[in-house]
Amino acid sequence: MSLVSAAEDDQAEARRELRSRLDRIVSQKADNAFGTSGAVFAIAARDGTEVSVAVGEDARGVPITDDSLTFLASASKLATGLLILRLMECGLINLDAEIGTYLPDARSASTPGVTIKRLLSHTSGLPLEVAHDLSVPPGPLRLVEGMRWPNELAAACLATPPVHEPGTVVQYSNVAFGLLGLMAERVAGQPFGVLLQEFVFSPLLIEAYVGRTPDRHVIAVSDIPSPYARTILEPYNSRTFREMGAPWAGVITNAAGLQRLVRSYAAQGSLISAHTAELARTDHAAGLNGGYLTTDPFIAHGPSRTISWSPCPWGLSIELQGGKQPHWAPPTMPDSFGQIGSSGCLGWHDPASGVSW
């Protein structure tokens, strides 16, 4: 048997095993707290071998394939982080500079210590989400049909102040990534979605959409804790949400696209230099405690779920496993990293084994 045919047989066996496991998960939907009706799973090895399988259907009964598009939600931060790191390598951004250097009109610019590095590592002191009762213009943020980045969203990020002293706690923050996206637009002179396409998606050969509706089906998700569920403003499933294009949660792509985003932080594909990738994988929380410390809702969602770790390691736009327990990545892979998304997405990579999933 040739080496090629042997490798093909190994991949076929891997697909059968993965499909069998996913089938068991989906077939147990009645006993599954997450109500999983379908799933897609992709895994890639150090040698470039990739295997993906899909089973079941989405919330609207549409069969899921391994090429199905999905709303990444917070896993979009992988793309935003890569954009900021590439602009840094181009000399347009200094990670140690304070946000006021680039956004002097940001309310957080008046607080010393809100640096670009802290925005990327969720240690800037900014809250999870833009305030819903802002006492300064533009006033309370309300989700409305047709809401788009930047417009109301950027203005709300600019008007949101820190809620913690910078550098004292890890507080996961969508606001921070909103400011990063706006900063990218100002230093590069182009819209956020255009910048992602030019600096991230095109070089990685990723099919991705930001701020626009794809011309093919996007996986619909169910059981969304939101007062807008089953309305024209439903998170993830509505046209407004999919075209919002927010820097913290606006990317639509497939499993292969998510895979390439997370592997880029291991310098796989050389989108960023090995030095920059190593910098991104460094723990910039430096022993701080924290995580998801608030029950405040995301835009259009119900209350958040508080999750905290002591300590809470975090890199530049990627979360580090760092021995956290309980966790969505094995504690036996402490150097692994990635990002989750509340739409049901996860992109993760383990440098020790070279495996991502």
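Our subject is the structure that appears above.
All values derive from a computational prediction rather than experimental measurement. Throughout this description, residue numbers start from 1 for each chain and increase along the sequence as written. Reporting of local features is limited, given that this is a predicted model, to residues whose pLDDT is at least 70; pairs of side-chain atoms are given and counted only at 80 or more, and all residues count toward the totals for whole chains, interfaces and linings. Only hydrogens and water are set aside when side-chain values are computed; all heavy atoms of the structure are taken into account.

A.B. asks: Just checking my understanding: could you explain the sheet that holds strand β5 (residues 208-210) for this structure?
C.D. replies: The strands that make up a sheet are held in pairs by hydrogen bonds between backbone atoms, and each pair lies either parallel or antiparallel. One bridge is not enough; two strands pair if DSSP finds at least two bridges between them. Labels follow the DSSP assignment, with helices taken as runs of H or I lasting at least four residues and strands as runs of E lasting at least two, numbered in each case from the N terminus. Here we have three strands laid out as an open sheet, ordered β3-β6-β5, and antiparallel in their pairing. Edge strands, defined here as strands with exactly one partner in the open sheet, are β3 (70-71) and β5. Across two bridges, the pairing between β3 and strand β6 (residues 251-253) is antiparallel. Among the inter-strand pairings, Phe 71 is bridged to a residue of β6, identified as Ile 252. Against the sheet, helix α6 (residues 192-204) contacts β5 and β6, and its axis sits at roughly 155 degrees relative to β5. Note on contacts: a residue pair is in contact if any heavy atoms of the two residues lie within 4.5 Å. An axis is simply a line fitted to the C-alpha atoms; with a helix, the fit covers only the stretch in contact. Between two such axes, the angle follows the N-to-C directions and lies from 0 to 180 degrees.

A.B. asks: Whenever I open this one, the pattern of salt bridges confuses me. Can you help?
C.D. replies: Side-chain pairs of opposite charge can arise where the charged atoms are in close proximity. A carboxyl oxygen of Asp or Glu within 4 Å of a side-chain nitrogen of Lys or Arg is what we treat as a salt bridge. Considering all chains together, one arrives at eight salt bridges under this definition. Taking the shortest distance from any N to any O, the salt bridge between Arg 148 and Glu 243 comes out at 2.4 Å. Here the residue Arg 148 occupies a position in the loop between α3 (116-120) and α4 (151-159), and Glu 243 occupies one in the loop between α7 (239-242) and β6, the gap between them amounting to 95 residues. Accessibility expressed as a relative area gives 8% for Glu 243, which makes it buried. In this structure, the salt-bridge partner of Glu 207 is Arg 216, at a minimum N-O distance of 2.9 Å. Glu 207 sits in the partly exposed class, given a relative accessible area of 28%. Accessible area is worked out with a 1.4 Å probe on protein chains only. A residue is then buried under 20% of its type maximum, exposed over 50%, and partly exposed in between. Looking at Arg 216, the relative accessible area reads 29%, which means it is partly exposed.

A.B. asks: For this particular structure, what's the right way to read the pairing of strand β2 (residues 50-56)?
C.D. replies: Regular strands have side chains that alternate between both faces of the sheet. In terms of strand pairing, strand β1 (residues 38-44) meets β2 through seven bridges, oriented antiparallel. Bridged to Val 40 within β2 is Ala 54. The hairpin formed by β1 and β2 contains five residues between the paired strands, and Gly 48 there has a positive phi angle of roughly 95 degrees.

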